[in-house]
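Each chain is listed here by its residues.
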Amino acid sequence: MITYQYANASDIDAYYGERPRPTMRAIAIHLDGAPAAIIGMYFAGDRLMAFSEFKPELELHLKSMAILRAIKAAQRMFEQAKRPVYAVGEGCTGILERIGFKHIDDGVYLWRS
C-alpha cells in the first residue's frame, strides 16, 4: 500500500538513517508503512532547493495515483514558498518541466512564480 504525508522527523530518520543537516520541508511517501521516497525542498542560503529521492523498491509504483497525488502536494508546497525554489537536474529535464519548473541555465531550473 502506498500512502504519503508531510514528512516528520521519524520519516526523515527512517529514510536516511540519520538526520540530514539542511532544514527541509518534504512529503514522505510510504510503501507498506515504511518511507520509500522523499520529495520537497531545503534551505540553501537565501534560496530553496527542490529535491526528490526514492528507494529502488518504489520504482514499479512511480506512476501510481498515490505518487501523482504526492507530487501534486509537493507542487503546492513549492507554490507557497516565500523564496525562489530551484532544482538542479541532468537527464531529468522532462519531469522537472512537466511538474512546473522552468529551465533557466545549464542544468538549473526555477519554479514558476
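Predicted, not measured: the structure shown is a model, and the values here were computed from it. (Residues numbered from 1 in each chain as written. Predicted model: local features only at pLDDT ≥ 70, side-chain atom pairs only at ≥ 80, totals over all residues. Heavy atoms only, no water.)

1. Topic: the overall build of the protein
Piece 1. Check the secondary structure of the protein and you find 3 helices and 7 strands.
Piece 2. Over its C-alpha trace the protein gives a radius of gyration of 14 Å, about what one expects of a compact globule, namely 13 Å for 113 residues.
Piece 3. Overall, the C-alpha framework of the protein stretches about 40 × 30 × 25 Å when taken along its three principal axes.
Piece 4. Expressed as a percentage of the 113 residues in the protein, the buried residues total 37%.
Piece 5. Contacts in the protein between residues far apart in sequence, at least 24 positions, make up 44% of those at least 6 positions apart.
Piece 6. Summing over all exposed atoms, the protein offers an accessible surface of approximately 7,100 Å²; the carbon and sulfur share of this is 52%.
Piece 7. When the 14 basic and 13 acidic side-chain charges of the protein are each reduced to a single mean position, those positions are 9 Å apart. (Helix = DSSP H or I, 4+ residues; strand = E, 2+ residues; numbered from the N terminus. Rg over C-alpha atoms; globule rule 2.2 N^0.38 Å. Buried < 20%, exposed > 50% of the residue type's maximum accessible area, 1.4 Å probe, protein only. Contact = heavy atoms within 4.5 Å. Areas by Shrake-Rupley, 256 points an atom, 1.4 Å probe, with all protein chains shown as cover. Lys, Arg positive; Asp, Glu negative; His and termini not counted. Charge placed at Lys NZ, Arg CZ, Asp CG, Glu CD.)

2. So, the pairing of strand β5 (residues 85-88)
Taken residue by residue, a regular strand's side chains alternate between the two faces of the sheet.
Piece 1. Sheet analysis places strand β4 (residues 47-54) next to β5, joined by 2 bridges and oriented parallel. Counterpart to M49 in the pairing with β5 is Y86.
Piece 2. Between β4 and its parallel partner β5, the chain crosses via helix α2 (residues 65-80), and the hand of that crossover is right-handed.
Piece 3. Alignment of β5 against strand β7 (residues 108-111), held across 3 bridges, turns out to be antiparallel. Following the sheet pairing, A87 is matched in β7 by Y109. (Pairing = 2+ DSSP bridges. Right-handed = clockwise from strand over helix to strand, strands pointing away.)

3. Digging into the pairing of β4
Piece 1. Across 8 bridges, the pairing between strand β3 (residues 34-44) and β4 is antiparallel. Counterpart to G40 in the pairing with β4 is F51.
Piece 2. Linking β3 back to β4 in an antiparallel pair, the connection comprises 2 residues, with G45 at a positive phi of about 70°.

4. Section: the environment of S52
Piece 1. Note that S52 resides in strand β4.
Piece 2. S52 gets classed as exposed once you look at its relative accessible area, which sits at 53%.
Piece 3. It is 7.3 Å that separates the C-alpha atoms of S52 and A37, two residues lying 15 residues apart in sequence.
Piece 4. Ignoring anything within four residues of it in the chain, the contact list for S52 reads I38 and I39.

5. Description of the nonpolar core
Piece 1. Core analysis: the largest hydrophobic core is formed by 26 residues, its most contacted members being I2, I27, I29, L58, F78, V85 and F101.
Piece 2. Only β2 (24-31), β3, β4, α2, β5, α3 (93-99) and β7 provide two or more residues apiece to this core.
Piece 3. Of the residues forming this core, the biggest block, 8 residues, is contributed by α2.
Piece 4. Beyond its immediate chain neighbours, meaning those up to four positions away, V85 contacts M41, L48, A50, F78, F101, Y109, L110 and W111. (Core = buried A, V, L, I, M, F, W, Y, C linked by side-chain atoms within 4.5 Å.)

6. Comments concerning the packing of aromatic side chains
Piece 1. For the structure shown, the criterion picks out 5 aromatic pairs.
Piece 2. Summarising the aromatic geometry, the rings of Y42 and F51 are spaced 5.9 Å apart at their centres and angled 50° between planes, so their arrangement reads as tilted.
Piece 3. Ring pairs connect the aromatic residues F78, F101 and W111, which therefore count as one cluster.
Piece 4. We note R47 situated over the ring of Y86; from NZ or CZ to the ring centre the distance is 4.5 Å. (Phe/Tyr/Trp six-rings, centres within 6.5 Å; stacked < 30°, edge-to-face > 60°. Lys NZ or Arg CZ within 6 Å of the ring centre and 35° of its normal.)

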